[in-house]
Amino acid sequence: MSYSGWAELLAGGLITGGIYALVAIGLNLQYGLMRIMNISHGEFLMLGAFATWWAHSTWGISPLLFMPVTFVLLMALGMAVHWLCFRQVAARAPNVDVFEARSLMVGFGLMFLVQNTALLMWGGDLRGYDYLADPVQLGEMRFTANKLVLFGVALALSLVLIALLKLTLLGKAVRALMQSPTGAQLVGINTKRLHPLMFGIGLGLSGVAGALLSMTYEISPSMGEPYTVTALIVITLGGFGSIAGSFVGGLLLGVVEALGMYFTSPSLKMLLSYAVFIGVLIWRPNGLFSRK
């Protein structure tokens, strides 16, 4: 393969990895802060994709202009889901281990509820639309414009969130809760306000990822589940509770998949991801970027 061919292959992996990172950051924010392993995370990505498709197909609204609306809608829905479901489970769980197990079961219930509701509303057919589908030449590489926009927005949002967590007072409170929930509460951090807000932001990021995917790929009610699995693999790569690790892990997994599919077969994509997942669990269970 020529130099430009390698560059295009790696760039394609980074574009895919950008979405992986955005989805994984939202899920890791929920688990690292609240110990909620939200297995239904990808279904809200699917809702974001369908909301964007519906707005574009019905009213001709640009997906990029509708993206902030998608974020706000999914964030509000996430806060409602936390208040109706996970807050109640947390109040009745005797300890963190029981809460994690029960929240996992709640997540499975939400996954089937949201997916089947989408099937009733939109059916099982693939949906899609054309948006910024013209090719763009970058040197000797060629990509469709919508994929470059996808990568740019995903990268920007991920970096902005990481910066907010490191530089703002709210971010310091979130990181304190991730490191020591008891200690954070002792110094006056209000978990009753912070937990639903961060859960909502996590689902808002998932909705934005769905909006970006709707610009480049066909969507369906079953599209979310694979992204939940991929997000779990990325979190394992980067370390549970590490937002920066999820960002780097997402990009890394995208590149590994691109190279693996080139040297083997595209049909082995998930097999490659699971192989990475198992390998990291065996040799680096705390994540590739942990200090332990």
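The structure we're discussing is the one just above.
Residues numbered from 1 in each chain as written. Predicted model: local features only at pLDDT ≥ 70, side-chain atom pairs only at ≥ 80, totals over all residues. Heavy atoms only, no water.

**Student:** With reference to specific residues and values, describe the packing of helix H6 (residues 169-179) against helix H8 (residues 191-216).
**Tutor:** The contact between H6 and H8 brings their axes to 11 Å, and the two run at 95°. Taken together, the axis directions place H6 and H8 in an arrangement best described as roughly perpendicular. Residue-level contacts link Leu 170, Ala 173, Val 174 and Leu 177 of H6 to Thr 191, Leu 194, His 195, Leu 197 and Met 198 of H8. Residues that form the contact of H6 with H8 fall into these classes: seven nonpolar, two polar and no charged. (Axes fitted to C-alpha atoms, helices over the stretch in contact; angles between N-to-C directions. Helix = DSSP H or I, 4+ residues; strand = E, 2+ residues; numbered from the N terminus. Parallel < 35°, antiparallel > 145°, perpendicular 65-115°, else oblique. Contact = heavy atoms within 4.5 Å. Nonpolar A, V, L, I, M, F, W, Y, C, P; charged D, E, K, R; others polar.)

**Student:** Residues and numbers for helix H9 (residues 224-238), please.
**Tutor:** Taking 1.5 Å of rise per residue, the 15 residues of H9 would be expected to cover 21 Å, and the 21 Å separating its terminal C-alpha atoms lies within 8% of that figure. Of all 15 residues that make up H9, eleven are buried, and the element is covered over most of its length. As for H9, its buried residues are in contact with helix H1 (3-34), helix H2 (41-59), H8, helix H10 (243-263) and helix H11 (269-283). Two residues or fewer past H9, Gly 239 is found with a positive phi of approximately 105°. (Expected span 1.5 Å × (residues − 1). Buried < 20%, exposed > 50% of the residue type's maximum accessible area, 1.4 Å probe, protein only.)

**Student:** Tell me about the pairing of strand E1 (residues 135-138), and name the residues and values.
**Tutor:** Bridge count between E1 and strand E2 (residues 141-144): four bridges; the pairing is antiparallel. Counterpart to Pro 135 in the pairing with E2 is Thr 144. What sits between the antiparallel neighbours E1 and E2 is a turn of two residues, in which Gly 139 has the positive phi angle 65°. (Pairing = 2+ DSSP bridges.)

**Student:** Account for the environment of Ala 209, with residues named and values stated.
**Tutor:** Within the element layout of this structure, Ala 209 appears in helix H8. Sequence separation between Ala 209 and Thr 70 is 139 residues; the distance between their C-alpha atoms is 9.8 Å.

Interpretation note: all reported values are geometric properties and have no functional meaning in isolation.
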